[in-house]
Amino acid sequence: LAQSMHELGVIYYTGELCDQGVPADAAIAVRWLCQAAEHGVPSSMYLLGECLLEGSGCAANEAAAFRWFEAAGELGHRGARQRILEVVRAQDGGTRQQQLYTAVAGRRGASWGTA
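The structure reproduced in this document is the subject of the present report. (Residues numbered from 1 in each chain as written. Predicted model: local features only at pLDDT ≥ 70, side-chain atom pairs only at ≥ 80, totals over all residues. Heavy atoms only, no water.)

### Observations regarding the overall build of the protein chain
Just so we agree on the cut-off: Secondary structure elements follow DSSP: runs of H or I no shorter than four residues count as helices, runs of E no shorter than two count as strands, and numbering proceeds from the N terminus. Burial classes follow relative accessibility: with a 1.4 Å probe on protein chains only, a residue under 20% of its type's maximum area counts as buried, one over 50% as exposed, and anything between as partly exposed. Here, residues are in contact when the closest pair of their heavy atoms is within 4.5 Å.
Within the protein chain, the secondary structure is distributed over 6 helices and 0 strands. The linear arrangement of helices and strands in the protein chain, starting from the amino end, is α-α-α-α-α-α. The buried share of the protein chain, reckoned over its 115 residues, is 40%. For the protein chain, long-range pairs separated by at least 24 residues make up 51% of all intrachain contacts whose partners lie at least 6 apart in sequence.

Below you can see the structure in the form of structure tokens.
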């Protein structure tokens with residue numbers, strides 16, 4: 001059922017069924033994505049991270065977003081790994097986001113670059 005939770009989250013997130021009476025609703029999407037993420041769906045972890053980063057349907061929370069990116073990355077989600085790696089590899093001298101990404105990814109993030 002976890003994949004069904006993910007699909008419902010995506011439907012509400014994208015609004016792809018608006019013409020069939022299911023409006024886009026970021027808050028409902030976040031609830032479904034959170035449930036699916038907690039059940040181990042990497043794509044939900046990634047989308048939940050994006051929502052938390054943007055404050056879409058929930059309060060913005062960078063640290064929580066990066067934790068979900070890391071969890072999805074550990075399960076092999078390439079997009080989540082890329083979100084972390086692009087900041088870890090940045091040469092801008094340690095912005096807040098880079099510090100959060102590095103704290104979350106740690107050694108695992110470094111190993112993703114060689115995988």
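### Observations concerning the pattern of salt bridges
Here is the rule: Any carboxyl oxygen of Asp or Glu within 4 Å of a side-chain nitrogen of Lys or Arg constitutes a salt bridge here.
Within the structure shown, the criterion is met by 1 salt bridge. Across the pair R83 and E50 runs a salt bridge whose closest N-O atoms are separated by 2.8 Å. With R83 in helix 5 (residues 78-88) and E50 in helix 3 (residues 42-54), this pair connects stretches of sequence that are 33 residues apart. Of the two residues examined, R83 and E50, each falls in the buried class.

### A closer look at the packing of helix 1 (residues 2-14) against helix 2 (residues 26-38)
Relative placement of two packed helices is described by the angle separating their axes and the distance separating the axes. Under the convention used in this document: For helices, the fitted line uses only the C-alpha atoms of the stretch in contact; every axis is such a line through C-alpha atoms, and the angle between N-to-C directions lies from 0 to 180 degrees. For this classification, under 35 degrees means roughly parallel, over 145 means roughly antiparallel, 65 to 115 means roughly perpendicular, and everything else is oblique. With the far helix as reference, a near helix turned anticlockwise by less than a right angle produces a left-handed crossing, and one turned clockwise produces a right-handed crossing. Basically, the charged four are Asp, Glu, Lys and Arg, the nonpolar ten are Ala, Val, Leu, Ile, Met, Phe, Trp, Tyr, Cys and Pro, and anything else, Gly included, counts as polar.
Closest axis-to-axis distance for the helix 1/helix 2 pair is 8 Å, and the angle between their directions is 160°. As far as their axial angle goes, helix 2 and helix 1 are roughly antiparallel. For the element pair helix 1 and helix 2, the recorded crossing hand is left-handed. In this structure, helix 1 uses A2, M5, H6, L8, G9, V10, Y12 and Y13 to contact helix 2, whose residues at the interface are A26, I28, A29, W32, L33, Q35 and A36. In terms of residue class, the contact of helix 1 with helix 2 is built from 12 nonpolar, 3 polar and no charged.

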